[in-house]
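Observations on the three-dimensional arrangement
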Amino acid sequence: MSRRGVIKDVVITPVAFHDMPLLNSVGVHEPWALRSIIEIVCEDGTYGLGESYGDSTHLGRLERAAGPIKGLTVYDTNAIHKICVESLTDDRSTGGDGMAGMVTTASVADKVFSPFEVACLDIQGKLAGLPVSQLLGGRVRDSVQYSAYLFYKWGGHPGEPDDEYGPALDPAGLIKQAHKIIDEFGFKAIKLKGGVYPPAQEVEAIKELRKAFPDLPLRLDPNAAWTVETSKWVANELKGIVEYLEDPAPEIEGMAAVAKDAPMPLATNMAVVAFSHLPPSILQNAVQVVLSDHHFWGGLRRSQTLASICAIWGMRLSMHSNSHLGISLAAMTHLASATPNLDYACDTHWPWKRRDEDVIADGALKWADGALVVPTAPGLGVELDRAKLAQLHQNYLDCGLTKRDDTTYMRKFQPDFSPKIPKW
Ligand SMILES: O=C([O-])C(=O)C[C@H](O)[C@@H](O)C(=O)[O-]
Ligand SMILES: [Mg+2]
């Protein structure tokens, strides 16, 4: 007889989906974004889903942790975390975080643990007949607001026709892009990925966005491309215009120096990305808004711990994203729905994904008025579409990419491109 919640199998499938040439401080997105789909299968056939980075180093780490998890139950998440930590004891590999070098290698164990925890919660929810949000303490909101995440971008990948968004290399292009995204999704906040052009140009773009969208909160995120001095200049220019300035300068010390003079809160998903970063950051009041991300903060429950720490220490909370598919969006939404002190619209790369390209069955995720409606079916509320999974896995095999590398791709077209930060 099968035992309830006992893990029989763990299946990790790398996948690739189309991505657009989005620019950032370290280069440009390649034509394919990589992810890993994690499926935990119980003895009774119940399965749960997680989604994570698709870089080969990370895939290797996931595979190493997956073996010893078998035989535990989906309720043993402490034991699973311990296995993830121990599986890294002899790990000498570097990178593999799926963030093109933009985030440090801190919290590797939390990155490995995260998709297993999400899959366990999915199964716990299915077995209890409850949505994951309920396992996290219950919804405090029925839908979760996301922001319109704008990027400077080329019209299309070199050698290919323009994509549906076309180019955005100046304020007019960004405003057109914002209209397209907001018309489709109804987002009520705008974030611009900066660090691409000299700061004065990006300040000008934000000011033009303010004129075009006078009622929407704005944010600018140059991914630490500026020195402390430059960051202070930008902060002063954007006083009263942005709701927060995200990662202007590198490292906790750089952020702390900027924060001393900045008239707005500083946010981060680069300087504070692990629990060990919180004490030094809090001591220096380096950041006022933490962008949580369950993919590197160790899953949904550890992200709730982060939220509690933020509440205790008077820091606000927002949510970060990378290119992702529907399993991640469902997990982000359940977490956000059960986090009372989430103060801002969450980030998502969703508009940059082809609408029909995913691994989940259609219809589970519904957008309304800039928000995703929190799924109420048991577990995450999304099911695998195995034909789609097979297609995206085939993409992975065919595309030839094994890690995210925005810099090398950029250098194909601009051989002297430097990803060094700070740049200005
Ligand atoms: O907020 C952020 O820093 C990000 O979203 C990181 C991403 O990797 C972004 O820079 C990107 O997709 O190029
Ligand atoms: Mg950021």
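Residues numbered from 1 in each chain as written. Chains lettered and ligands numbered in written order. Predicted model: local features only at pLDDT ≥ 70, side-chain atom pairs only at ≥ 80, totals over all residues.

Let's talk about the overall build of the protein
- Secondary structure assignment for the protein yields 13 helices and 15 strands.
- The dimensions of the protein, computed from C-alpha atoms along their principal axes, are 65 × 50 × 45 Å.
- Within the protein, the proportion of its 424 residues that are buried is 54%.
- Here the analysis covers contacts within the protein between residues at least 6 apart in sequence; of these, 73% occur between residues at least 24 apart. (Helix = DSSP H or I, 4+ residues; strand = E, 2+ residues; numbered from the N terminus. Buried ≥ 20, exposed ≤ 12 C-beta atoms within 10 Å, placed from the backbone. Contact = placed C-beta atoms within 7 Å.)

A few points about the packing of helix 1 (residues 56-69) against helix 2 (residues 77-86)
- At a closest axis distance of 9 Å, the pairing of helix 1 and helix 2 adopts a crossing angle of 135 degrees. Relative to helix 2, the element helix 1 lies oblique. When the axes of helix 1 and helix 2 are compared, the crossing they make is right-handed. Across the interface between the two elements, Ala 65, Pro 68 and Ile 69 of helix 1 pack against Ile 80, Ile 83 and Cys 84 of helix 2.
- Across the contact of helix 1 with helix 2, the residue classes break down as 6 nonpolar, no polar and no charged. (Axes fitted to C-alpha atoms, helices over the stretch in contact; angles between N-to-C directions. Parallel < 35°, antiparallel > 145°, perpendicular 65-115°, else oblique. Left-handed = near helix turned anticlockwise from the far one by under 90°. Nonpolar A, V, L, I, M, F, W, Y, C, P; charged D, E, K, R; others polar.)

Thoughts on helix 3 (residues 108-128)
- Relative to the 30 Å expected for 21 residues at 1.5 Å per residue, helix 3 spans 31 Å between its end C-alpha atoms, a close match to the ideal helical length.
- Of all bends in helix 3, the biggest is about 30 degrees, found at Ser 114, and the proline Pro 115 comes one to four residues later.
- Positioned one or two residues after helix 3, Gly 129 has a phi angle of 70 degrees, which is positive. (Expected span 1.5 Å × (residues − 1). Bend = angle between axes of the 7 residues up to and from the residue.)

Concerning the site of ligand 1
- Taken together, 13 residues lie near ligand 1, and Asn 24, Asp 221, Asn 269, His 320 and Asn 322 sit nearest.
- Here the shell around ligand 1 is built from residues that sort into 3 nonpolar, 7 polar and 3 charged.
- Domain assignment of the residues forming the shell around ligand 1 places at least three in each of domain 1 (7-130 + 386-399) and domain 2 (134-373). (Near = placed C-beta within 6 Å. Domains from an automatic or database assignment.)

Regarding the domain arrangement of the protein
- The assigned domain composition of the protein is domain 1 (7-130 + 386-399) and domain 2 (134-373).
- In this structure, domain 1 and domain 2 have C-alpha centres spaced 22 Å apart.
- At the interface, 38 residues of domain 1 touch 43 residues of domain 2.
- Of all the secondary-structure elements, those providing two or more residues to the side of domain 1 that touches domain 2 are strand 1 (7-18), strand 2 (23-24), strand 4 (32-42), strand 5 (47-53), helix 3 and helix 12 (386-399).
- A total of 9 residues in the side of domain 1 that touches domain 2 trace back to one element, the largest contributor, which is helix 3.
- A class-by-class count of the residues in the side of domain 1 that touches domain 2 yields 20 nonpolar, 11 polar and 7 charged.

Digging into the sheet that holds strand 1
- The antiparallel open sheet is built from 3 strands, whose spatial order is 1-4-5. On the outer flanks of this sheet lie strand 1 and strand 5, each paired with one strand and no other. Going across the sheet, the axis of each strand differs from the next one's by a mean of 20 degrees, ignoring polarity.
- With 7 bridges joining them, strand 4 and strand 5 adopt antiparallel strand pairing. What sits directly across from Ile 37, in strand 5, is Glu 51.
- Strands strand 1, strand 4 and strand 5 of the sheet are contacted by helix 1, whose axis makes an angle of about 165 degrees with strand 1.
- With respect to the sheet, helix 12 is in contact with strand 1 and strand 4, its orientation differing from that of strand 1 by roughly 65 degrees. (Pairing = 2+ DSSP bridges.)

Side note on the sheet that holds strand 10 (residues 242-246)
- One open sheet holds the 7 strands; their spatial order is 7-8-9-10-11-12-13, and the pairing between them is parallel. Strand pairing shows two members of the sheet lacking a second neighbour, strand 7 (148-151) and strand 13 (316-319), which therefore form its edges. Geometrically, the sheet is characterised by an average inter-axis angle of 25 degrees between neighbouring strands, direction not taken into account.
- Summarising the sheet, strand 8 (residues 190-193) and strand 9 (residues 218-221) pair through 4 bridges and their orientation is parallel. Bridge pairing links Ile 190 to Leu 218 in strand 9.
- Packing against the sheet, helix 5 (residues 171-185) makes contact with strand 7 and strand 8, and its axis sits at approximately 150 degrees to strand 7.

Looking at the nonpolar core
- In terms of nonpolar packing, the biggest core is built from 126 residues, with Met 255, Val 287 and Ile 327 touching the most fellow members.
- Here this core gets 10 residues from one element, more than from any other, and that element is helix 3.
- Those residues within four positions of Met 255 in sequence are excluded, and the remaining contacts are Ala 249, Leu 266, Thr 268, Ala 271, Ala 286 and Val 287. (Core = buried A, V, L, I, M, F, W, Y, C linked by C-beta atoms within 7 Å.)

A short note on the pairing of strand 10
- Of all 5 residues in strand 10, 5 are buried; the element is thus mostly enclosed.
- Bridge count between strand 9 and strand 10: 3 bridges; the pairing is parallel. Considered in strand 10, the bridge of Leu 220 is made with Leu 245.
- In the classification by handedness, the crossover that spans strand 9, the intervening helix 7 (residues 228-237) and the parallel strand 10 is right-handed.
- Relative to strand 11 (residues 266-268), strand 10 runs parallel, the two sharing 2 bridges. Bridge pairing in strand 11 links Glu 246 to Ala 267.
- In this fold, the crossover linking strand 10 to strand 11 by way of helix 8 (residues 251-259) has right-handed handedness. (Right-handed = clockwise from strand over helix to strand, strands pointing away.)

Focus: the packing of helix 5 against helix 6 (residues 199-212)
- The interhelical angle for the contact between helix 5 and helix 6, taken along N-to-C directions, is 45 degrees, at an axis separation of 9 Å. On the basis of their axis angle, the class for helix 5 and helix 6 is oblique. Seen from above, helix 5 lies across helix 6 with right-handed handedness. Seen from helix 5, the contacting residues are Pro 171, Leu 174, Ile 175 and Ala 178; seen from helix 6, they are Glu 204, Ala 205, Glu 208, Leu 209 and Ala 212.
- Its residues assigned to classes, the contact of helix 5 with helix 6 shows 7 nonpolar, no polar and 2 charged.

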